[in-house]
Amino acid sequence: MNDIYSKLQPVDFIIVVVYLLLLLFIGYKASFGSKKKEETLFLAGKSLNWYNIGFNMWGTNVGPSSLLAFASIGFSAGIVGGNFEWYAFVFLLLLAMVFAPRYIASNVSTMPEFMGKRYGKSTQDILAGYALVKILISWLSLGLFSGGILVRQILGIPMWQSTIVLVAFAGLFTYMGGLKAIAKVNVFQMILLIVVSFALTFIGFQKLGGITALLDKTPPHFWNLIHPASDPGYPWHALLLGYPVSAVAFFCTDQSMVQSVLGAKNLKQGQLGVNFIGWLKVLALPMFILPGILCFALFPDLTDDKLAYMTMVTNLFPPGLNGLVICVLIAVLVATIGSSLNALSTVFTKDIYVNNMNNNATVKQQIQVGRMVVVIGCAMAVCMAIALDNVKGKTLFDIFQSILGYLAPPLAVTFLLSVFWKRTTKLAVNLILSVGSACSLFVGILNLWIIPPDAATGANTWWPHYFLISFYIFAVLFVAAIVISLFDKNKVTAMVDAAALPKTDKQTKFLFALLGLVILTLYIIFNGH
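Residues numbered from 1 in each chain as written. Predicted model: local features only at pLDDT ≥ 70, side-chain atom pairs only at ≥ 80, totals over all residues. Heavy atoms only, no water.

> Residues and numbers for the overall build of the protein chain, please.
Along the backbone of the protein chain there are 21 helices and 0 strands. Sequence-distant contacts, at least 24 apart, represent 85% of the contacts inside the protein chain between residues at least 6 apart. Element-wise, carbon and sulfur atoms account for 68% of the exposed surface of the protein chain, whose accessible area totals about 20900 Å². (Helix = DSSP H or I, 4+ residues; strand = E, 2+ residues; numbered from the N terminus. Contact = heavy atoms within 4.5 Å. Areas by Shrake-Rupley, 256 points an atom, 1.4 Å probe, with all protein chains shown as cover.)

Below is the structure:
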């Protein structure tokens, strides 16, 4: 029997049961307590406030892999993982100031619908198909896979059992209440995540003897955000060039992330929600990365860095808190998988079903189709998660980042050009989203499965870092889109409403400036070792 399960006491099981009942109650109240007739399953009746949006986006972003992967990076490399949270500020700012006003002014439900309004139905159909593939792979399957790993570490049950149970529980909220239920529940769950994560860090410091003891027992490079170009894991130039490609696609164009902003009461609430997730990301170091670094100092003989988080939990938490950890795992799973299922059903229903199969579909029919897609998505995610369990040779975090890196370039190119360059043509957008996507995914399949780099023997060392590959693909597609647009004889460009975009108020600008100052200060502090 594995360590953590053997340490569970009756009080742990009581806490888990009480938590599950409370979660079901909150979901039920959000779904049926005060439902208005005009609300649908998809955008919560555009009723979300800034804190709902911020917590929901953060809950979608902070999947089970964050607890496992950031602690793993902390154990093996120090605080370099903070780049994935703090560098994101630039792209959250881009979402809030550039993309969100256009999305909200367009009054759309999905990203394909937004591009369809600009370039026509063919673009919407192509992007809808690609968005479904992206959500299914990069959100549902990887999120469920990482959650299955954690549950397997705790309970010792097979992957197929843990994934079925987890996706069924997460799917329940999406099936019954859609985005509003998920957003309401996520506020509660993310507060719980903050409390438990800080508790683990605090107890770790108490056990070790404080910050001075931690600094004494860790190498100086552990406290550098920027690593040299020779670093095989996270070289500075790969992060600088490659991460923005993934970040633009992830934060600015991904249905799972942007959907919360689309459900905002107004632009200000949407922008403040994006700002709020930026502040929550500042907490990544004490909540997710420090437990791994503390584990390095407390348990230096640990050979598998993927076990860093659960090693800390098993050895430091008293009875009762182990139950809370299980609750946190359920929380992040419901948040990530639930939001992903909702995004999957929204894109299919709005962009495939209504746009191509039933133009006069009633709200009731749309909800029925959306719920059917949730069920199908659950089944497909379980199959793909089980298949991912057989992939070897990469850490969970690197698998997630590399897959996103191969899915991202076509989206980043088309959305950036469509917003910033008015001469971008429909032909260029359609070719990049179709042919460009196929080429990008083919390179990813070559790198991950067909001819993977062999870390043990050093074979195939001609492969660059996966972030650099993503940047190279982005650069090629970017230039190709410009060339195609310039030589396109039809010159069908974006059909954009000439009406003025809603303006950003001073309070929002001030909060983003303050957040940027904090992020800059952190980079200065953590780059002198």
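> How would you summarise the side chain of serine 440 if you had to cite specific residues and measurements?
With respect to the helices and strands, serine 440 occurs in helix α19 (residues 426-450). From its side chain, serine 440 meets the backbone oxygen of tyrosine 406 in a polar contact 2.6 Å long. What serine 440 contacts, discounting residues up to four positions off in sequence, is Tyr406, Pro409, Pro410 and Ile473. (Polar contact = N/O pair within 3.5 Å; in protein donor to acceptor, adjacent residues only side chain to side chain.)

> An account of the packing of helix α6 (residues 89-106) against helix α7 (residues 111-119) is needed here, citing residue identities and associated values.
At a closest axis distance of 10 Å, the pairing of α6 and α7 adopts a crossing angle of 80°. Taken together, α6 and α7 sit at an angle that is classed as roughly perpendicular. From α6, Arg102, Tyr103 and Ser106 reach across to α7, where they touch Met111, Phe114 and Lys117. (Axes fitted to C-alpha atoms, helices over the stretch in contact; angles between N-to-C directions. Parallel < 35°, antiparallel > 145°, perpendicular 65-115°, else oblique.)

> Would you mind going over a nonpolar patch on the surface in detail, with residue names and values included?
On the surface, a cluster of nonpolar side chains totalling about 530 Å² of accessible area is made up of Ile445, Trp449, Ile450, Ile451 and Trp462. Mapped onto the fold, tryptophan 462 is located in the loop between α19 and α20 (466-487). (Patch = residues over 30% accessible without salt bridge, like charges linked within 9 Å, V, L, I, M, F, W, Y side chains within 5 Å. Salt bridge = Lys/Arg side-chain N within 4 Å of Asp/Glu carboxyl O.)

> Account for unusual backbone geometry, naming residues and giving values.
For asparagine 107, which is not glycine, the phi torsion reads 55° and is therefore positive. Mapped onto the elements of the fold, asparagine 107 is located in the loop between α6 and α7. One non-glycine residue, lysine 491, lies in the positive phi region at around 50°. For lysine 491, the location among the structural elements is in the loop between α20 and α21 (506-525). On the basis of relative accessible area, lysine 491 is assigned to the partly exposed category, the value being 38%. (Buried < 20%, exposed > 50% of the residue type's maximum accessible area, 1.4 Å probe, protein only.)

> Give a description of the pattern of salt bridges that names residues and reports values.
Inspection of the entire model under this criterion finds 4 salt bridges. Residue lysine 281 pairs with glutamate 85 through a salt bridge whose shortest N-O separation is 3.1 Å. Here glutamate 85 lies in helix α5 (residues 83-86) and lysine 281 lies in helix α13 (residues 267-282), a separation of 196 residues in the sequence. With a relative accessible area of 6%, glutamate 85 lands in the buried category. In this structure, aspartate 254 engages lysine 134 in a salt bridge whose closest nitrogen and oxygen atoms are separated by 2.4 Å. Placement of the pair is aspartate 254 in the loop between α11 (236-253) and α12 (255-262) and lysine 134 in helix α8 (residues 121-155), with a sequence separation of 120 residues. The class for lysine 134 is buried, based on a relative accessible area of 3%.

> How would you sum up the side chain of threonine 346? Please name residues and give values.
On the secondary structure map, threonine 346 appears in helix α16 (residues 321-357). Side chain to side chain, threonine 346 and glutamine 259 meet in a polar contact 3.3 Å long.

> Give a description of the environment of leucine 240 that names residues and reports values.
Considering the arrangement of structural elements, one finds leucine 240 in helix α11. Take leucine 240: its relative accessible area is 46%, and that puts it in the partly exposed class. Sequence-wise, leucine 240 and tyrosine 87 are 153 residues apart; in three dimensions their C-alpha atoms are separated by 9.0 Å.

> Describe the packing of aromatic side chains, listing the residues and the values that go with them.
Following the criterion strictly, the structure yields 22 aromatic pairs and no others. With 5.6 Å between their ring centres and 35° between their planes, phenylalanine 474 and phenylalanine 478 make a pair best called tilted. Of this pair, phenylalanine 474 and phenylalanine 478 both sit in helix α20, 4 residues apart, roughly one helical turn. Overall, phenylalanine 474 belongs to the buried group, its relative accessible area being 15%. (Phe/Tyr/Trp six-rings, centres within 6.5 Å; stacked < 30°, edge-to-face > 60°.)

> Any details on α8? Residues and values, ideally.
Given a rise of 1.5 Å per residue, 35 residues ought to cover 51 Å, and the 48 Å separating the end C-alpha atoms of α8 matches this to within 8%. Bending of α8 peaks at approximately 30° at the position of leucine 136. With respect to burial, α8 is a largely interior element, 25 of its 35 residues being buried. At the C-terminal side of α8, glycine 156 shows a positive phi close to 75°. (Expected span 1.5 Å × (residues − 1). Bend = angle between axes of the 7 residues up to and from the residue.)

> Which residues make up the environment of serine 76, and what values do they have?
Take serine 76: it is sitting in helix α4 (residues 64-77). Using a relative accessible area of 43% as the deciding quantity, one classes serine 76 as partly exposed. The spacing of serine 76 and aspartate 304 is 228 residues in sequence and 9.5 Å in space, taken between C-alpha atoms. Filtering out sequence-adjacent residues up to four positions away, serine 76 remains in contact with Phe222 and Asp305. Within polar-contact distance, the side chain of serine 76 engages the backbone oxygen of serine 72 at 3.0 Å.

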